[in-house]
Amino acid sequence: MIPRIYIPADSGALALGAEKVAKAIEKELKERGVEAKIVRNGSRGAYFLEPMVEVATAEGRVAYGPVKPSDVKSLFDCGFLKGGHHKRWLGAPDKIPFLAKQTRLTFARCGVIDPLSLDSYKSHGGLNGLQNAVAMAPADIVSQVTESGLRGRGGAGFPTGIKWKTVLDTTADRKYIVCNADEGDSATFADRMIMEGDPFVLIEGMAIAGIATGATKGFVYIRSEYPHAVATMTKAVEIARKAGVLGANVLGSPNAFDMEIRVGAGAYVCGEETSLLNSLEGKRGVVRAKPPLPAIQGLFGKPTVINNVISLASVPIIMDKGAAYYKDFGMGRSRGTIPIQIAGNVKHGGLFETAFGLTLGEIVDEIGGGTASGRPVKAVQVGGPLGAYFPRALFDTPFDYEAFAAKDGLIGHAGITVFDDTADMMKQARFAMEFCAIESCGKCTPCRIGSTRGMEVLDKVAAGIEAEKNLALVSDLCNTMKFGSLCALGGFTPYPVMSSITHFPEDFKPAPTRVAAE
Ligand SMILES: Cc1cc2nc3c(=O)[nH]c(=O)nc-3n(C[C@H](O)[C@H](O)[C@H](O)COP(=O)(O)O)c2cc1C
Ligand code: SF4
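This report concerns the structure included in the present document. (Residues numbered from 1 in each chain as written. Chains lettered and ligands numbered in written order. Predicted model: local features only at pLDDT ≥ 70, side-chain atom pairs only at ≥ 80, totals over all residues. Heavy atoms only, no water.)

Examining the sheet that holds strand 8 (residues 258-263)
- Ordered in space as 8-7-6-9, the four strands form an open sheet in which the pairing is parallel. Looking at which strands have only one partner, the edges of the open sheet turn out to be strand 8 and strand 9 (304-308). Each strand of the sheet is rotated relative to its neighbour by a mean of 20°, with strand direction disregarded.
- Where strand 6 (residues 176-181) lies against strand 7 (residues 217-222), six bridges are found, and the strand directions are parallel. Directly across from cysteine 179, in strand 7, lies its bridge partner valine 220. (Pairing = 2+ DSSP bridges. Helix = DSSP H or I, 4+ residues; strand = E, 2+ residues; numbered from the N terminus. Axes fitted to C-alpha atoms, helices over the stretch in contact; angles between N-to-C directions.)

Dropping the structure here:
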């Protein structure tokens, strides 16, 4: 049998040099006259080990990483095509602790299969969920998704089944499924990873959503900064259409569903669902007032399911293994698994899919391995740029929507950014206001004006001008933004600001005192 070599071609691995490694391996194969098949897979998400090259041996896959082009000759000398030992040898990928500790439901195939091989997808359980769905009544599909406890992974954690039911129950001549792949949060890459590593799972999830709600057309709105995801998704849609997974008769059934890929113009606020719909319609990405809900009047005024990539990509396994199977994972009202994205100043950065319920401390210290700088962890921002900064004192908080909300935080899209003790939380608070000022769509005053005023007042605090009075003003302003903003951009910016002030008060002392304390 011709040996198979797996070299990731996902953006993360490419950024770490996977293309150069692939070229070096190709060259070496040619020079040595060795025949091998190179498969460009997605990443398994252990980015601290990328580029991670795997070879298929008689005993299973063997991984090597992080591989540099300069390692390639010696890898061949060590007989890596047969799993031979080398300084980059990692053994069976499934046994690498970072991967072995995970519960992979949504990402089960990511990094394992050839992303654009529908056969490979099918041989790893792909399309089972859709096959079941085409034989079911729409209301039963919706019930199954509701019973699974799946909540939107885009940030708000709204029950997916309830959203789908609203669309199913709304009568219209046309309905849409819109996949939100804008993924603007800092430290997040789960959407990108799955679109590049297992695109058919998203297509399958969208087709199930279409059949469940009576929508015949879908759009994936992908941020322009994700050209590889756009390319992979575009090819996957073509392949799915040719194979009859999409089209007038999905998997030979009477159900029609087709989809298109659309590229965003590049604005954080275009990830907000109504702004995204405006952008998809060719308008400026400005937030729409709700009601009407998109589920009733969404894209082009028609009932629209708008879901995050991971929400939709989690549906096939629910429809394959059943609601009870999925619901069995997790804690409280947070059911199933969540792909936690660990980034920032951290030793073991990457994607870690696990059942809800691990504590923040376990994620940062045990899985993430602490900071990359080796200094103590000072703060962790959970949930993107609008998420709160948690100090070590809150490391016992379990990863659960309600537990985080109870501590004035949020899970968001499950991105976490780690900071060591050199972080200046006053600067981080100011950055949150600055981010809001730059990204604000401008529709409402608390966000548009408040964010700029927030920067100015924090600058005064930093300069030691009436610090106490100005900090009280920041708190008052945050209150106005929180309760007076039209959407969560203005409404949640107070989270990073107020958590910094509450948990790290020493960083808000006027400059001279701070210098003296240091
Ligand atoms: C400023 C802002 C940015 C957002 N960005 C994203 C995003 O990039 N991706 C996403 O899925 N949801 C994002 N959301 C949440 C969406 O508005 C919406 O809740 C989500 O797409 C619904 O899908 P879900 O129920 O599957 O989570 C954002 C919300 C706000 C307020
Ligand atoms: S909060 Fe900000 S982004 Fe949201 S609608 Fe108001 S101005 Fe626009």
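Structural notes on the side chain of arginine 104
- Locating arginine 104 in the fold gives a position in the loop between helix 4 (97-100) and helix 5 (118-123).
- Of the buried charged residues, arginine 104 lacks a salt bridge, with glutamate 353 as the closest side chain of opposite charge at 4.8 Å.
- Reaching out from arginine 104, the side chain makes a polar contact with the backbone oxygen of arginine 44 at a distance of 2.6 Å. (Buried < 20%, exposed > 50% of the residue type's maximum accessible area, 1.4 Å probe, protein only. Lys, Arg positive; Asp, Glu negative; His and termini not counted. Salt bridge = Lys/Arg side-chain N within 4 Å of Asp/Glu carboxyl O. Polar contact = N/O pair within 3.5 Å; in protein donor to acceptor, adjacent residues only side chain to side chain.)

Comments concerning the site of ligand 2
- Residues in contact with ligand 2 amount to 13 residues; listed here are only the nearest, Cys441, Lys443, Cys444, Cys447 and Cys487.
- Broken down by class, the residue content of the shell around ligand 2 amounts to eight nonpolar, four polar and one charged. (Near = heavy atom within 4 Å. Nonpolar A, V, L, I, M, F, W, Y, C, P; charged D, E, K, R; others polar.)

Observations concerning unusual backbone geometry
- Cis geometry marks the peptide bond from lysine 290 to proline 291, where omega comes out at -5°.
- Note on placement: proline 291 falls in the loop between helix 12 (273-280) and strand 9.
- Each neighbour pair has its own omega, and for proline 291 with proline 292 the value is 5°, a cis peptide bond.
- Relative to the helices and strands, proline 292 is located in the loop between helix 12 and strand 9.
- Of note, leucine 127 is a non-glycine position whose phi angle comes to about 75°, a positive value.
- Locating leucine 127 in the fold gives a position in the loop between helix 5 and helix 6 (128-134).
- A residue is classified by how much of its surface remains accessible, and leucine 127, at 7% relative accessible area, is buried.
- Look at aspartate 408: it is not a glycine, yet its phi comes out positive at around 60°.
- Mapped onto the fold, aspartate 408 is located in the loop between helix 17 (401-406) and strand 16 (415-420).
- With relative accessibility at 54%, the residue aspartate 408 sits in the exposed group.

Re the sheet that holds strand 15 (residues 389-391)
- Strand order in the open sheet formed by five strands is 13-12-16-14-15, with mixed pairing between adjacent strands. Strand pairing shows two members of the sheet lacking a second neighbour, strand 13 (350-355) and strand 15, which therefore form its edges. For this sheet, the mean inter-axis angle between neighbouring strands, taken without regard to orientation, is 30°.
- Pairing analysis gives four bridges linking strand 12 (residues 337-344) to strand 16, with the strands arranged parallel. Across the sheet, isoleucine 342 pairs through a bridge with isoleucine 416, a residue of strand 16.

Considering the pattern of salt bridges
- Across all of its chains, the model carries 31 salt bridges by this definition.
- One salt bridge in this structure joins lysine 27 and glutamate 31, with 3.6 Å as the shortest N-O distance. Residue lysine 27 and its partner glutamate 31 are located together in helix 2 (residues 18-32), separated by four residues, close to a single helical turn.
- Arginine 241 serves as the salt-bridge partner of aspartate 258, at 3.1 Å between the closest nitrogen and oxygen. In this pair, aspartate 258 sits in strand 8 while arginine 241 sits in helix 11 (residues 227-242), placing the two residues 17 residues apart along the sequence.
- Using a relative accessible area of 22% as the deciding quantity, one classes aspartate 258 as partly exposed.
- The network of salt bridges with common partners includes Lys27, Glu28, Glu31, Arg32, Lys73 and Asp77.

So, the pairing of strand 8
- Where strand 7 meets strand 8, six bridges bridge the pair, whose relative direction is parallel. Residue phenylalanine 219 lies in a different strand from strand 8, and its bridge partner there is glutamate 260.
- The parallel pair strand 7 and strand 8 is bridged by helix 11, and the resulting crossover is right-handed. (Right-handed = clockwise from strand over helix to strand, strands pointing away.)

What to know about the packing of helix 10 (residues 199-213) against helix 11
- Where helix 10 contacts helix 11, the two axes come as close as 9 Å, and the packing angle between them is 60°. By the angle between their directions, the pair helix 10 and helix 11 is classed as oblique. For the pair helix 10 and helix 11, the crossing hand works out as right-handed. Residues Pro199, Phe200, Leu202 and Ile203 of helix 10 lie in contact with helix 11, whose contacting residues are Thr232, Met233, Ala236, Val237, Ile239 and Ala240.
- For the contact of helix 10 with helix 11, the per-class residue count stands at nine nonpolar, one polar and no charged. (Parallel < 35°, antiparallel > 145°, perpendicular 65-115°, else oblique. Left-handed = near helix turned anticlockwise from the far one by under 90°. Contact = heavy atoms within 4.5 Å.)

Considerations on the site of ligand 1
- Near ligand 1, the surroundings consist of 19 residues, among which Gly154, Asn180, Asn307, Asn308 and Ser311 are the closest.
- Within the contact set of ligand 1, an oxygen atom lies 2.9 Å away from a backbone nitrogen or oxygen of glutamate 273.
- Asparagine 307 places a side-chain nitrogen or oxygen 2.8 Å from an oxygen atom of ligand 1.
- Taken by itself ligand 1 offers 610 Å² of open surface, and the protein chains cover 91% of this. (Areas by Shrake-Rupley, 256 points an atom, 1.4 Å probe, with all protein chains shown as cover.)

Looking at helix 10
- Helix length check: helix 10 (15 residues) gives 22 Å between terminal C-alpha atoms against 21 Å at 1.5 Å per residue, within 8%.
- Burial analysis of helix 10 places 15 of its 15 residues in the buried class, which makes it a mostly covered element. (Expected span 1.5 Å × (residues − 1).)

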